[in-house]
Amino acid sequence: MLERIEKAFPRLIETGYVKNSPETSAYNCIAFTLGDQTRPWWPLIHPGMQKDDSYWPTGAPCQATVQAFAEMYAQQGFEPCDSREPEAGYLKVALYIEPQEELVEHASLQLPTGKWL
């Protein structure tokens, strides 16, 4: 798993990241940013997933585009921001984008210290 992540995000190694938890199919990175550890959140079915394996809220576009994720996060009470700097009283989420097709591949949640999970 780590090899796959490091290949997909080569600059990650430069950050000195640490693996904090084992891989699980119970939830995914999107669910984690939303505090839901009961199910994965994703707008499309991945290979090997069954239709009911992931959750996506009604009303959010069922696409892996930045706009679809922005709409989904807005439904959950998030709003866009211009800075990656931590702000007291706010949770920040970073979306990691596949540059060729501009599709969301991953998300991280910011700690008050500025570190990303």
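Up top is the structure.
Residues numbered from 1 in each chain as written. Predicted model: local features only at pLDDT ≥ 70, side-chain atom pairs only at ≥ 80, totals over all residues. Heavy atoms only, no water.

Asks: Explain the overall build of the chain to me, and be specific about the residues and the numbers.
Replies: When its secondary structure is counted, the chain shows 3 helices and 2 strands. If you list the helices and strands of the chain from N to C, you get α-α-α-β-β. Relative to the compact-globule value of 13 Å for 117 residues, the chain shows a C-alpha radius of gyration of 14 Å, a close match. Counting only C-alpha atoms, the chain reaches 35 × 35 × 30 Å along its principal axes. Across the 117 residues of the chain, 25% fall into the buried class. For the chain, the proportion of contacts with a sequence separation of at least 24, taken over those separated by at least 6, is 32%. (Helix = DSSP H or I, 4+ residues; strand = E, 2+ residues; numbered from the N terminus. Rg over C-alpha atoms; globule rule 2.2 N^0.38 Å. Buried < 20%, exposed > 50% of the residue type's maximum accessible area, 1.4 Å probe, protein only. Contact = heavy atoms within 4.5 Å.)

Asks: Can you break down the pairing of strand E1 (residues 93–98) residue by residue, with the values?
Replies: Here E1 pairs with strand E2 (residues 103–109) via 6 bridges, running antiparallel. Opposite Val-93, over in E2, you have Leu-109 as the bridge partner. The antiparallel hairpin formed by E1 and E2 contains 4 residues in its connecting segment, where Glu-102 sits at a positive phi of about 55°. (Pairing = 2+ DSSP bridges.)

Asks: Run through the environment of Ala-94, naming residues and quoting values.
Replies: Within the secondary structure layout, Ala-94 lies in strand E1. On the accessibility criterion, Ala-94 (19% relative accessible area) is buried. Excluding residues that lie within four positions of it along the chain, Ala-94 makes contacts with His-106, Ala-107, Ser-108 and Trp-116.

Asks: So what about the packing of aromatic side chains? Which residues, and what values?
Replies: On inspection of all chains with the given rule, the structure shows 4 aromatic pairs. One Lys or Arg, Arg-39, reaches over the ring of Tyr-55 and ends 3.8 Å from the middle of that ring. (Phe/Tyr/Trp six-rings, centres within 6.5 Å; stacked < 30°, edge-to-face > 60°. Lys NZ or Arg CZ within 6 Å of the ring centre and 35° of its normal.)

Asks: Explain the environment of Gly-77 to me, and be specific about the residues and the numbers.
Replies: With respect to the element layout, Gly-77 can be found in the loop between helix H3 (66–75) and E1. Distance in space between the C-alpha atoms of Gly-77 and Leu-34 is 10.0 Å, their sequence separation being 43 residues.

Asks: An account of the nonpolar core is requested, with residue identities and associated values reported.
Replies: Nonpolar side chains in soluble globular proteins tend to be buried together. In this structure, Ile-30, Trp-41, Trp-42, Trp-56, Phe-69, Met-72 and Tyr-73 are the most contacted members of the largest nonpolar core, which totals 14 residues. For this core, the secondary-structure elements that each account for two or more residues are helix H2 (29–33), H3 and E2. Not counting residues within four places of it along the chain, the set of residues in contact with Met-72 comprises Ile-30, Leu-34, Trp-41, Trp-56, Pro-57 and Ala-60. (Core = buried A, V, L, I, M, F, W, Y, C linked by side-chain atoms within 4.5 Å.)

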